[in-house]
Amino acid sequence: MGFARTCSVTLLGVEGVVVEVQADLEPGVAAFTLVGLPDKSLSESRDRVRAAVVNSGAEWPQKKLTVGLSPASVPKAGSGFDLAVACAVLGAAERIDPRVLADIVMIGELGLDGRVRPVRGTLPAVLAAADAGYEQVVVPECAAAEASLVPGVSVLGVRSLRQLIAVLTDEPVPEDEADAPEPSRPDPLLSGLRLPGTDAAAGMHLGPGHQQHAPDLADVVGQHAARTAVEVAAAGGHHLFLEGPPGAGKTMLAERLPTVLPRLTRTESLEVTAVHSVAGLLPPGRPLIDTPPYCAPHHSATMQALVGGGTNSARPGAVSLAHRGVLFLDETPEFGVRALDALRQPLESGHVVIARSTGVVRFPAKFLMVLAANPCPCGRFSRRDTSCECPPSAVRRYQARLSGPLLDRVDLRVEVEPVGRAELAGRGPGGESTATVADRVRAARERATARLAGSPWLTNGEVPGRELRTRWHPAPGAMDEAERSLERGLLTARGLDRVLRVAWTVADLVGHDRPDATDVALALQLRTGVPRGVPLTIGALT
């Protein structure tokens, strides 16, 4: 009778659970039993592992074989257990010393020829192994760079089961040129890991560091109020609503918002990379995402596509793919009502909880939301343009598709006006570049971080209104105009708190120690759209 054990990791959302893979050999009729709540892809590993072991030159034990996955109460999914199952079987057959396997975590899928293929979620799996106290991890060779992002873990990248057996038994590593890919051809082991069209279906692309030609704010003609709103949103983490006719530049502004956001910190980069690793959206050759992502799903997206879900195992949705970045919802009234209302909870909590029959998973979802909408079905309704032919009832129905509770969570609401001929011809003053605005945003974030040190918040958009009123006070008399708007019914109490948040961000951008009357007036104009007689560009206030 032989027994051996090693470890692997199963993922519940982006959180990993270390699973002990045990193999037991007993005399009897040759059979292979796999227990421990495996799913379909894991149950099929019996055939993959047997073929891989035989084709790697090892002998398959002709005994009664039982492989258990512990803890048995946790559902196991995916093909990433193949490598651990194969090594546990070889350990029970005494081809590998069982003592060598006990403290190693193995992650990888096996091909029938014994090659080790990568699986999704390598980074969160290695993070879970490190948190559990394991120091040695075996992963596919092409995923070694991703696994090496976790500090304090020794990573061994292998290309075949034969290579791993040689390393664990201190035998010479076989030199087989067939195992190495030709430099001029793509690596076949990566096929299927990144499904075609998955990032396009989510409207997904990463920040400026991952694009050959990053969009620049200087490309936007006019739109001074909207440009200021984009800058304030980036500096304070405020959600933004852009309303205007088609072709006014709403999408251009939203696409340039990630370029002015600060680069992600190391902790934030690991969070974002873990989500994209689970979704299979990591860009080739760049295992670490260090720029804010940008996600713009189509308006036909379902609620599951937005917040995450799936029939068997839950997958991250658009709100999680936009974690620490920008979620842009173009043509927002065309989205389903249930899909839009599902955004309320992640906007408040910063995460998504999905319940399925197999368990409950949690995905991070702390994003900056940008909504864009036409004023009416034809798009020409405004105070200045009288060419709109939509009846008032149609305009009301169209605008009512955006619920009050959702819009109440948006700090900045800006009307984007059509661009005139003189501005398009370049006869007006040009706008500031992304680099100039990004420098101000970075300085404003640093001021806010220093002020909020010792608190659980990092940006002004996260601070509750009560804390702003009691701990950080504006200049005397600065809030008088906003309070009069509250008395006249132009602002709600919650709206007043949001004006104060935006005023602190404006003060950080212009370098004030605390908001004055001018800062609050600009915040009021960005909230209500009513002119307050203040310059609409941050550069004019500094």
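Residues numbered from 1 in each chain as written. Predicted model: local features only at pLDDT ≥ 70, side-chain atom pairs only at ≥ 80, totals over all residues. Heavy atoms only, no water.

Caption draft 1: Molecular detail of the overall build of the protein chain. Each helix and strand in the protein chain was counted, giving 24 helices and 17 strands. When the 542 residues of the protein chain are sorted by exposure, 51% land in the buried category. Considering only contacts within the protein chain whose residues lie at least 6 apart along the sequence, 72% involve residues at least 24 apart. (Helix = DSSP H or I, 4+ residues; strand = E, 2+ residues; numbered from the N terminus. Buried < 20%, exposed > 50% of the residue type's maximum accessible area, 1.4 Å probe, protein only. Contact = heavy atoms within 4.5 Å.)

Caption draft 2: Summary view of the side chain of Ser 485. Inspection of the secondary structure assignment puts Ser 485 in helix α21 (residues 480–487). Setting aside residues up to four positions removed in sequence, Ser 485 forms contacts with Leu 490, Leu 491, Leu 524 and Arg 532.

Caption draft 3: Region of the structure containing the pairing of strand β17 (residues 412–415). The two faces of β17 differ: Leu 412 and Val 414 on one face are buried, but Arg 413 and Glu 415 on the other face are not. The sheet contact formed by strand β11 (residues 240–243) and β17 spans 4 bridges and is parallel. Bridge assignment links Phe 241 to a residue of β17, and that residue is Arg 413. (Pairing = 2+ DSSP bridges.)

Caption draft 4: The environment of Ala 517, seen in detail. Residue position: Ala 517 is located in helix α23 (residues 517–528). Placed 36 residues apart in sequence, Ala 517 and Glu 481 show a C-alpha to C-alpha distance of 8.1 Å.

Caption draft 5: Seen up close, the environment of Gly 317. Along the chain, the position of Gly 317 falls in the loop between α12 (303–307) and α13 (318–321). It is 6.7 Å that separates the C-alpha atoms of Gly 317 and Gln 304, two residues lying 13 residues apart in sequence. Residues in contact with Gly 317, not counting those within four places in the same chain, are Gln 304, Ala 305, Leu 306, Val 307 and Gly 308.

Caption draft 6: Layout of the packing of helix α9 (residues 224–236) against helix α10 (residues 250–260). At a minimum axis separation of 10 Å, α9 and α10 run at an interaxial angle of 40°. By the angle between their directions, the pair α9 and α10 is classed as oblique. Like other packed secondary-structure pairs, α9 and α10 cross with a definite hand, here right-handed. Residues Ala 226, Arg 227, Val 230 and Ala 234 of α9 lie in contact with α10, whose contacting residues are Leu 253, Leu 257 and Val 260. A breakdown of the residues in the contact of α9 with α10 according to their chemical character gives 6 nonpolar, no polar and 1 charged. (Axes fitted to C-alpha atoms, helices over the stretch in contact; angles between N-to-C directions. Parallel < 35°, antiparallel > 145°, perpendicular 65-115°, else oblique. Left-handed = near helix turned anticlockwise from the far one by under 90°. Nonpolar A, V, L, I, M, F, W, Y, C, P; charged D, E, K, R; others polar.)

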